[in-house]
Structure formats: structure tokens, C-alpha cells
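Here is what each chain is made of, one letter per residue.
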Amino acid sequence: MTQEILDTQDCLAPNEVAQGFSNNVMPKKAQYSKTKMLVLAIAAGAFIAYGAQVSLTVMTGTAENLSWGLAKLIGAMVFATGLMMVVLTGAELFTGNVMMMFSVLEKKITFLQLFRSWSIVYLGNFIGSIVLALLVFYSGASHNNHDALGAIAINTAYSKVSLSFLEAFTRGILCNWLVCLAVWMATSSRSVIGKIFAIFFPIMTFVASGYEHSVANMFFIPNGILLKQIPSVVAASGFSMDQLALLNWKTFFIHNLIPVTLGNIIGALVFVVLLFWMAYLKNDQNK
């Protein structure tokens, strides 16, 4: 499909999306007050956590009745709800905000503004994720289906802290390559339903494939850490307490959150920002 056809249909041309990110969207984000940025980031963290929790819920018992792959697919399909809520409400998500580098490369914002946004949004996402993890924990939802929901939550958290640094890092790269493509394509659409479908397929792909998203893991792993306090949930999970000693706040940060965050940054910078900047913004004739 040619650029001219895209222009006359229901979505922006790729070079228009790149220019919009560089000249309008990201510079405006950089100008947000600290309070606005933090509040919107807390909301985004909670939205992604909602997607994570419903993903765990629909996967509970699914693998026993279908197959492992279909269970992953079903969980991945509903997880996409989290990013839909982020995009359509204007909330601030760290993994998407890595694309502010478009504006840095075009000298629309400074590195100081970039790091200010990244740090505030990352903190806000963490707060929102932890708040939802606590609310879900105290709601007793983990006892659903005879503690099976809590068991799959513990299994998910344990598997994430069991990754090697390289595994977590590369899965982070693969994840945010797709997440930023989802944001890119949603931005190109002129309709709400178009934005929803643009988000759905890349997010479904990353979750079903088992890639790692730093903000989602701010919910998944603390959720598991909280649930290992409940003996009935631990029993349903099939793990011993000695095994679950690996699931703690130290391993959360060192084994998962740090390498995944680094991978998320590289995935967005190299495979979305750099590639599309070179294609659509670097040369004057393409601006």
C-alpha cells in the first residue's frame, strides 16, 4: 500500500507518525508538570496490572482443558486490554516513553528532559502496579477456583525470577520492540476501533511468545511475593517454601526488573526509534 493511499484512508502515513512523535507528542509530554506526569504514570501502572491480572485469571485451568499454547494465547488476548486503557486515556507508560528519543535526535527536547520523564514515569508505573497488587491480594481473589488463581500467579512470578540475565534482557528487547510498534500503529489510526486493533495484535504476540515487560513485571512478581505468604496458595502451587525462597524482592530487581528494563530500552531505541528515524526523519527530503 502506497503512502498516498494511506493518506486518504483511516490512518496517517508512517512519516507523519514519525514527525508527530518528534515535533508534537513527545515534546508535549516532556513539558508536563511533575504532578501530572506522576499521576498519569500511576494510572498506567495500574492499567497494565489490570491486564496482567485478567490474563492470569483466564489462564487458570485453561491448560488442563486445552493446551499450553492455547492457554498462553487466551491470556495474551486479554492482556492487551491494559495498553488499550493506557493509550485511550493518555496515561504515561515508561516502555512507550522510550520513544521520546525521537525528539532528542531531532533536538526538540534535551537529554535532561528525557531522563526527567523516564524517572518520574518509571516511579509512577511502579507505584500503580504495587497498589493494584496490594488491592488484589487483600481482595482474596487469589483463592478463586480453590486457590488455582493464586497458584498460577506464584508459578508465573517464580518463572520470571528464574531467568538468567541474558534471557531476561533479550526477552525485554523482543517485548518492547512489539509494544512500541503497537503504540506507533495506534497513533497512526484515526479511529478508536483502529487503535484497539493496532494494539491488540502486537501485544498478543509479545505475551503469547513469553517476552518480558518491565511494567507488567512490577505487578506479576510482587503479586507472587505477596501470595507466598498464604499456605493454601503455596500448597496449590506445588512449590516448597525452600524453592520459593528464590522469589523475593532482591531477585525481583536483580534477576528480572533490571535486565528487563535495559532490554525494553534497547528494544525501543534500536528497533523502533533508530530504524524509523533513519527512514523518515534523518534526511531533509523526508521531513
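In case you missed it, the structure is sitting above this.
First, a word on scope: everything that follows refers to the structure included in this document. (Residues numbered from 1 in each chain as written. Predicted model: local features only at pLDDT ≥ 70, side-chain atom pairs only at ≥ 80, totals over all residues. Heavy atoms only, no water.)

**What to know about the pattern of salt bridges**
Part 1 of the argument: Summed over all chains, the structure comprises two salt bridges.
Part 2 of the argument: In this structure, lysine 29 and glutamate 92 form a salt bridge, with 2.5 Å as the shortest nitrogen-oxygen distance. Separated by 63 residues along the polypeptide, lysine 29 in helix H2 (residues 14–30) and glutamate 92 in the loop between helix H6 (81–89) and helix H7 (94–97) bring together distant segments of the chain.
Part 3 of the argument: Residue glutamate 212 is joined to lysine 160 by a salt bridge in which the shortest nitrogen-to-oxygen separation is 3.1 Å. Taken as a pair, glutamate 212 in the loop between helix H12 (192–209) and helix H13 (214–227) and lysine 160 in helix H10 (residues 144–161) lie far apart in primary sequence, 52 residues in all.
Part 4 of the argument: Taking relative accessible area as the criterion, glutamate 212 reaches 3% and is therefore assigned buried. (Salt bridge = Lys/Arg side-chain N within 4 Å of Asp/Glu carboxyl O. Helix = DSSP H or I, 4+ residues; strand = E, 2+ residues; numbered from the N terminus. Buried < 20%, exposed > 50% of the residue type's maximum accessible area, 1.4 Å probe, protein only.)

**Focus on the nonpolar core**
Part 1 of the argument: Counting 85 residues, the largest nonpolar core has Phe79, Leu83, Met99, Phe102 and Ile203 as its most contacted members.
Part 2 of the argument: Each residue touching methionine 99, except ones within four places of it in the same chain, is listed here: Phe21, Met26, Cys180, Val183, Val272 and Val273. (Core = buried A, V, L, I, M, F, W, Y, C linked by side-chain atoms within 4.5 Å. Contact = heavy atoms within 4.5 Å.)

**Topic: the packing of aromatic side chains**
Part 1 of the argument: Counted by the stated rule, this structure contains 22 aromatic pairs.
Part 2 of the argument: Between phenylalanine 79 and phenylalanine 206, the aromatic rings sit 5.8 Å apart at their centres with planes inclined by 85 degrees, giving edge-to-face as the arrangement. In this pair, phenylalanine 79 is assigned in helix H5 (residues 68–79) and phenylalanine 206 in helix H12, connecting sequence segments 127 residues apart. Of the two residues examined, phenylalanine 79 and phenylalanine 206, each falls in the buried class.
Part 3 of the argument: By way of ring pairs, the aromatic residues Phe21, Phe102, Trp184, Phe276 and Tyr280 are connected into one cluster.
Part 4 of the argument: Over the face of the ring belonging to tyrosine 32 we find lysine 36, whose NZ or CZ atom lies 4.2 Å from the ring centre. (Phe/Tyr/Trp six-rings, centres within 6.5 Å; stacked < 30°, edge-to-face > 60°. Lys NZ or Arg CZ within 6 Å of the ring centre and 35° of its normal.)

**A few points about a nonpolar patch on the surface**
Part 1 of the argument: On the surface, Phe165, Trp249, Phe253, Ile254, Ile258 and Leu262 cluster together into a nonpolar patch covering about 560 Å² of accessible area.
Part 2 of the argument: Ranked by residue count, the leading element in the nonpolar patch is helix H15 (residues 249–280), at five residues.
Part 3 of the argument: The class of leucine 262 is partly exposed, set by a relative accessible area of 40%. (Patch = residues over 30% accessible without salt bridge, like charges linked within 9 Å, V, L, I, M, F, W, Y side chains within 5 Å. Areas by Shrake-Rupley, 256 points an atom, 1.4 Å probe, with all protein chains shown as cover.)

**Some thoughts on H15**
Part 1 of the argument: At leucine 257, H15 shows its maximal bend, which comes to roughly 35 degrees, and the proline proline 259 appears one to four places after that position.
Part 2 of the argument: Measuring from the side-chain oxygen of the N-cap residue of H15 to the backbone nitrogen of lysine 250 gives 3.0 Å; that N-cap residue is asparagine 248. (Bend = angle between axes of the 7 residues up to and from the residue. Polar contact = N/O pair within 3.5 Å; in protein donor to acceptor, adjacent residues only side chain to side chain.)

**Topic: the environment of histidine 146**
Part 1 of the argument: Here histidine 146 shows up in helix H10.
Part 2 of the argument: Separated by 86 residues in sequence, histidine 146 and serine 232 have C-alpha atoms that sit 9.0 Å apart.

**Re the environment of isoleucine 225**
Part 1 of the argument: Tracing the backbone shows isoleucine 225 in helix H13.
Part 2 of the argument: The sequence separation of isoleucine 225 and tryptophan 249 amounts to 24 residues, and the corresponding C-alpha distance is 7.6 Å.
Part 3 of the argument: Ignoring any residue separated from it by four or fewer positions in sequence, one finds isoleucine 225 in contact with Leu247, Asn248, Trp249 and Phe252.

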